[in-house]
Amino acid sequence: QSALFIGTEATLLIENGELQINGDEIALDDVDAFTRQMTEFAEAIRAHRALVPSGRDALPTMAVLDAARRSAEVGNSVEIPRDLIR
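Residues numbered from 1 in each chain as written. Predicted model: local features only at pLDDT ≥ 70, side-chain atom pairs only at ≥ 80, totals over all residues. Heavy atoms only, no water.

1. What to know about the pattern of salt bridges
Tallied over the entire structure, the rule returns 4 salt bridges. Ionic pairing is found between Asp66 and Arg70, a salt bridge with its closest N-O pair at 3.1 Å. In this pair, Asp66 and Arg70 are both assigned in helix α2 (residues 55–74), 4 residues apart and thus about one turn of the helix distant. The partly exposed category is assigned to Arg70, whose relative accessible area is 29%. Its salt-bridge partner being Arg69, residue Glu73 comes within 2.9 Å of it at the nearest N-O pair. Taken together, the positions of Glu73 and Arg69, both in helix α2 and 4 residues apart, correspond to about one turn of that helix. Judged by relative accessible area, Glu73 falls into the exposed class, the value being 56%. Taking relative accessible area as the criterion, Arg69 reaches 43% and is therefore assigned partly exposed. Members of the salt-bridge network, linked through shared partners, are Asp66, Arg69, Arg70 and Glu73. (Salt bridge = Lys/Arg side-chain N within 4 Å of Asp/Glu carboxyl O. Helix = DSSP H or I, 4+ residues; strand = E, 2+ residues; numbered from the N terminus. Buried < 20%, exposed > 50% of the residue type's maximum accessible area, 1.4 Å probe, protein only.)

What follows is the structure, given as structure tokens:
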């Protein structure tokens, strides 16, 4: 599987688990997403700081995903409250 993103300043290619920006390969660590999330969580607790990203940052995305699920269930469009999508 691959994905190609073309922007005004760069091209990003993700192919077979490899990442290239403007043709230059970018090294990715072998740590899975869950491990990175748990590491961030523990570091935030130790440093008495907010998580990056915070749960509030994820709220608009979750609102859209929830609306898409509800829309599929009812077979019609579903409105997302404006306060959830900023």
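Moving on from the coordinates now.
2. Quick word on the confidence of the model for the protein chain
Mean pLDDT for the protein chain: 85, with 98% of residues reaching 70 or above. The least confident element of the protein chain, judged by mean pLDDT, is helix α3 (residues 82–85) at 80; the most confident is α2 at 90. (pLDDT = per-residue confidence, 0-100.)

3. Some thoughts on the pairing of strand β1 (residues 2–6)
In terms of burial, β1 is largely open, as just 0 of its 5 residues are buried. In this structure, β1 lies alongside strand β2 (residues 11–15), joined through 5 bridges in antiparallel fashion. Across the sheet, the residue bridging to Phe5 is Leu12, located in β2. (Pairing = 2+ DSSP bridges.)

4. Overview of α2
The terminal C-alpha atoms of α2 lie 27 Å apart, and with 20 residues this matches the ideal 28 Å at 1.5 Å per residue to within 8%. Of all the bends in α2, the largest measures some 30° and sits at Thr61. Of all the positions in α2, only Pro60, Ala63 and Ala67 are classed as buried. The elements touched by buried residues of α2 are α3. One or two positions beyond α2, positive phi appears at Gly75, with a value near 70°. (Expected span 1.5 Å × (residues − 1). Bend = angle between axes of the 7 residues up to and from the residue. Contact = heavy atoms within 4.5 Å.)

5. A look at the environment of Ala58
Among the secondary structure elements, Ala58 is positioned in helix α2. Take Ala58: its relative accessible area is 32%, and that puts it in the partly exposed class. Considered as a pair, Ala58 and Ile85 are 27 residues apart in the sequence and their alpha carbons are 10.0 Å apart.

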